[in-house]
Amino acid sequence: DNTPELRPTHPLALAPVVAPAASVDGFAKQFLQNLNFDQGVTLSTSDVNDQYLALAYTVRDYLMARWFDDRAQQKAQQNKTVCYLSAEYLLGRQLDNNLLAARLTDIATEALAQCGIDIDDLRQVEIEPGLGNGGLGRLAACFVDSLATMSIPAIGYGIRYEYGIFRQAFADGQQIEQPDAWLRMGSPWDFAHPEAAQTISFAGTTETYDDEGVERTRWVPEWNVLAVPYNMMVPGYHNGRVNTLRLWRAVATNAFDLHTFNSGDYVESVRAQTFAENISKVLYPEDSTPQGKELRLQQQYFFVAASIADFIENVLPEDFDLENLPERVIFQLNDTHPVIGVPELMRVLVDEKKLEWDAAWAITQKCFAYTCHTLLPEALEVWSVDLLGRLLPRHLEIIYRINDEFLLEVRERFGDDEMLIRNMSIIGEHPSRSVRMAYLATVAGSKVNGVAELHSQLLRDNVLKDFATMWPDKFTNVTNGVTPRRFLRLANPDLSALITEALGAGWTVDLERLRGLEALADDADFRERFAAVKASNKRRLSRVLEARGETPLSDDHLIDVMIKRLHEYKRQTLKVLHIVSTYEGIVTGRLDVDAVQPRTFLFGAKAAPGYGMAKRIIHLINAVGEVVSADERVQGKLKVLYPANYNVTLAESIIPAADLSEQISLAGKEASGTGNMKLALNGALTIGTDDGANVEIRKLVGDDNFFLFGMSEPEVEALWADGYRPAEFYQRDERLRSAIDLIASGAFSDGDRTVFEPLVSNLLYEDRFMALADFSSYLDAQERVDAAYADQDGWVRSAILNVARSGYFSSDRAMRDYLDRIWHATPVS
Ligand code: GPU
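Residues numbered from 1 in each chain as written. Predicted model: local features only at pLDDT ≥ 70, side-chain atom pairs only at ≥ 80, totals over all residues.

The name recorded for the protein in an unreviewed UniProt entry is Alpha-1,4 glucan phosphorylase, from Microbacterium phycohabitans. Recorded under Cofactor (unreviewed entry), the UniProt text for the protein is reproduced unchanged: "pyridoxal 5'-phosphate". Under the heading Catalytic activity (unreviewed entry), UniProt records this for the protein: "[(1->4)-alpha-D-glucosyl](n) + phosphate = [(1->4)-alpha-D-glucosyl](n-1) + alpha-D-glucose 1-phosphate". (UniProt positions renumbered as here; feature names shortened; annotations may be inferred.)

Listed below in structure tokens is the structure:
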């Protein structure tokens, strides 16, 4: 489809777009052509980055024809499209995923080999696009993978940050942040479409005007920027589909400097362009703790306004009647970050398309659905009315009107209960006037979902209780999932091969088939092979760590893994207390050394740069690690490893090698967790609290194959209500006292007692996340782990059962649940 208006006559121009031949020769030819004509080098003068880029372009070339096809087909079929709106996509490396999806892995490997190149060398060159912080961003990446694999017409919309999540380094055990210049070496997986740019406006005023006898409002903005889309292809697995991830980059408009910064100073005005371009410059590195910064609101509005306009103008047919919009689109709000899209769609419908308010509101309510990802009060995003009104004056007016009408509805339903009105209002008054984005999303959305059963229940019972009373049917659950392509098939090739041998190949798109492994858990030969895979994954991880300058793993160690963002509620501190206690127990002779299994504690975690306590915890982990790893008295027994800059790429090496998965958040705090799923799926046993999706993991894998500990959520509530005094636990529990005293004594800070004092006194006198209350239960569970690991046969059996029973946690299943319960979209035929 080469633009028919051009009336081409050349036969090539009339022919359909075809991919290069799917053969070693076809691949080699395209690769060399890209190397020569895109990279401008010959094979002999090329370096490894040239080769990597040419390889990536080649894979892209294969996907391109399918991507054109899918666009054309979606346009023709006019199916309902899922528009996933997310400020974060934590994609991880693209090369292997795309080779796998397009069945090109073997062809590419051989074609490159025949060019004298080892494809493994090129794999290492790719810098992963880290356009997200953690679970929420990675979830979005899993979802777009599953949507493509299930042939659902879907577009992922987001921001093309120039700098993704910072690179973490350690200096003297403390985190330092370095900018993530991921675009520096080229960006072969996305391509710009400047012709489809959108102009996005900000600030200014609103005014009313007479529109042929009708009074209307319009926004007179003060400045604007261009949103330039970059498409990334999202190939489905072995189904020939390619969906789109459309990420927006901010570019100054030509008029930008002239309009607003017309100082007559040419150099100043060019410099002022960077103001506009700052919008997509950097990802905010706070996970679950929004900062309320103006630039962040600019980012949110920027990408959401561009996405909505893009969908209406470029995906819908020209003459589309917007009354029918809900039949063609569902905008899924990935947490509150894109919620400003609600008043934006209202503004487009009412101010621009001139629909009546009520009609526009009816449409808007059907077009949005909201996923909440948290229970922490500090994670619920609010925007100050001052700031929002300054940056988006028309949107604030619209929000006020939405709120007025909503509160009328509340009064009609519940009477003039002023307390209730204050509690439910989209506008909060204390400590200062602000817009509660979660409430706006709840009022506007057709559905509101939590991300695990417990989480959805707590949303209904606590955080959004009044709304759930008002609209019980609005609330639903969709338990998270993870893509088995990346996190099993690619990350764990040996286990994948073993599974395929046992069950056939279909499991990659039908993960419940893993159930077939249950029977094999009792097969000694299969257990042996499963154990051999785990051992080989540990050796592979060891090589990866060595290449990063870390100490290698010891063969016989239990690999105990805690990989997730550093956050007090996730309780890395509780993990440290266990390590310190075990260390102290061995050194003082309190513990029977033979009962303690040799263990390596492996951490991966970044802390938000401004989160002081989290950074102190990192420092403590590293300090404890250094002392423990160097102490001859525990040599061969205990080791602590904390490789810097944990990211998706490193996760792909750690997860397949893990024996034990630490999921130890305080019950009621972790919305779901998704690392817990990835680890169970790769045969790690979980030690965990009854929190988030742990609850469902435990139910599925069975109590015998899961180490449960700690208070339940109702017990947590009861202890709080009772008045929680952590120091009492310290007084009562000798093991706890010894561990804390050792940290306080300066044993891990060269005798300096001040270094970790804030951390220790926080634990003793505040301990918001009740690490001390769960400590003894946790240690007991760890003793059960040691005993279980001593029985290798039993352990491997449990590990196999974990794999066999984790099929439910495929993001394909999560997509089916979204489709059934919320989206009601169907696959393209
Ligand atoms: N999550 Br809110 C984030 O990663 N970032 C956030 O800003 C917020 C939530 C996580 C939850 O903490 C985690 O429990 C969940 O599994 C994940 O989102 C995906 O739903």
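Peer 1: If you had to explain the environment of Asn231 to someone new, which residues and values would you point to?
Peer 2: One can find Asn231 in strand β11 (residues 223-235). Asn231 gets classed as partly exposed once you count the C-beta atoms within 10 Å, which come to 18. Note: C-alpha distance between Asn231 and Asp190 (41 residues apart in sequence) is 5.2 Å. Apart from residues no more than four positions distant in its own chain, Asn231 is found in contact with Asp190, Phe191, His193, Thr244 and Arg246. (Helix = DSSP H or I, 4+ residues; strand = E, 2+ residues; numbered from the N terminus. Buried ≥ 20, exposed ≤ 12 C-beta atoms within 10 Å, placed from the backbone. Contact = placed C-beta atoms within 7 Å.)

Peer 1: Account for the sheet that holds strand β16 (residues 427-428), naming residues and giving values.
Peer 2: Read across the open sheet, the 3 strands follow the order β15-β17-β16; overall the sheet is antiparallel. Strands with a single pairing partner mark the edges of an open sheet, and in this sheet they are β15 (382-384) and β16. Sheet topology note: the β16/strand β17 (residues 434-436) ladder contains 2 bridges and is antiparallel. From the neighbouring strand, Ile427 faces β17, where its bridge partner is Val435. In the packing of helix α17 (residues 437-444) onto the sheet, contacts are made with β15 and β17, and the angle to β17 comes to roughly 45 degrees. (Pairing = 2+ DSSP bridges. Axes fitted to C-alpha atoms, helices over the stretch in contact; angles between N-to-C directions.)

Peer 1: Lay out helix α13 (residues 357-367) in plain terms, naming residues and giving numbers.
Peer 2: Among the residues of α13, Ala360, Trp361, Thr364 and Cys367 are the ones counted as buried. Buried residues of α13, seen end-on, are gathered within an arc of 130 degrees and therefore sit on one face of the element. Contact partners of the buried residues in α13: α11 (325-328), β13 (329-334), α12 (341-352), β14 (368-371) and α17. (Arc of directions from axis to C-beta.)

Peer 1: Account for the packing of α12 against α13, naming residues and giving values.
Peer 2: Orientation of α12 relative to α13, taken along the N-to-C sense of each, is 140 degrees, at an axis distance of 9 Å. By the criterion of interaxial angle, the relationship of α12 to α13 is oblique. With respect to the hand of their crossing, α12 and α13 are arranged in right-handed fashion. The residues of α13 that touch α12, namely those facing Val342, Leu345, Met346, Leu349 and Val350, are Trp357, Ala360, Trp361, Ile363, Thr364 and Cys367. Broken down by class, the residue content of the contact of α12 with α13 amounts to 10 nonpolar, 1 polar and no charged. (Parallel < 35°, antiparallel > 145°, perpendicular 65-115°, else oblique. Left-handed = near helix turned anticlockwise from the far one by under 90°. Nonpolar A, V, L, I, M, F, W, Y, C, P; charged D, E, K, R; others polar.)

Peer 1: Please set out the domain arrangement of the protein residue by residue, giving values where relevant.
Peer 2: As assigned here, the protein comprises domain 1 (20-77 + 98-125), domain 2 (78-93 + 128-165 + 186-479 + 817-823) and domain 3 (498-809). One C-alpha centre belongs to domain 1, the other to domain 2; they are set 35 Å apart. The interface of domain 1 with domain 2 comprises 14 residues on the first partner and 15 residues on the second. Looking at the side of domain 1 that touches domain 2, the elements with two or more residues in it are α3 (48-77) and α4 (95-101). For the side of domain 1 that touches domain 2, the leading source of residues is α3, giving 10 residues. Classifying every residue of the side of domain 1 that touches domain 2 by side-chain character gives 7 nonpolar, 3 polar and 4 charged. (Domains from an automatic or database assignment.)

Peer 1: Just give me the short version of the site of the ligand, but keep the residues and values in it.
Peer 2: As a structural note, the neighbourhood of the ligand is formed by 19 residues, with Gly135, Leu136, His373, Thr374 and Ser672 the closest of them. Across the shell around the ligand, the residue classes break down as 5 nonpolar, 11 polar and 3 charged. Both domain 2 (78-93 + 128-165 + 186-479 + 817-823) and domain 3 (498-809) contribute no fewer than three residues apiece to the shell around the ligand. (Near = placed C-beta within 6 Å.)

Peer 1: Give me the pairing of strand β1 (residues 81-85): which residues, what numbers.
Peer 2: Burial analysis of β1 places 5 of its 5 residues in the buried class, the great majority of the element. Burial along β1 is two-sided: the residues Thr81, Cys83 and Leu85 and Val82 and Tyr84 are all buried. In this structure, β1 lies alongside strand β4 (residues 154-159), joined through 4 bridges in parallel fashion. Looking at β4, one finds that Cys83 is bridged to Ile155.

Peer 1: Tell me about the confidence of the model for the protein, residues and numbers included.
Peer 2: With 98% of its residues at a pLDDT of at least 70, the protein reaches an overall mean of 96. Scoring the predicted complex yields pTM 0.97 and, for the interface, ipTM 0.98. (pLDDT = per-residue confidence, 0-100.)

Peer 1: Please provide a residue-by-residue account of the pairing of β4, values included.
Peer 2: Of all 6 residues making up β4, 6 are buried, and the element is well covered by its neighbours. By the alternation rule, side chains of β4 split into Ala154, Gly156 and Gly158 and Ile155, Tyr157 and Ile159, which are all buried. Inspection of the sheet shows β4 paired to strand β12 (residues 242-252) by 5 bridges, in the parallel sense. Paired with Ile155 across the bridge in β12 is Thr244.

Peer 1: Tell me what's going on with the packing of helix α24 (residues 612-630) against helix α31 (residues 757-765), and back it up with residues and numbers.
Peer 2: The axes of two packed helices give the description: the angle between them and the distance between them. One can describe the packing of α24 onto α31 by two numbers: an axis separation of 10 Å at closest approach and a directional angle of 110 degrees. For the element pair α24 / α31, the angle class is roughly perpendicular. For the pair α24 and α31, the sense of crossing is left-handed. Of the residues in α31, those touching α24 at Met613, Arg616, Ile617 and Leu620 are Pro758, Leu759 and Asn762. Grouping the constituent residues of the contact of α24 with α31 by class yields 5 nonpolar, 1 polar and 1 charged.

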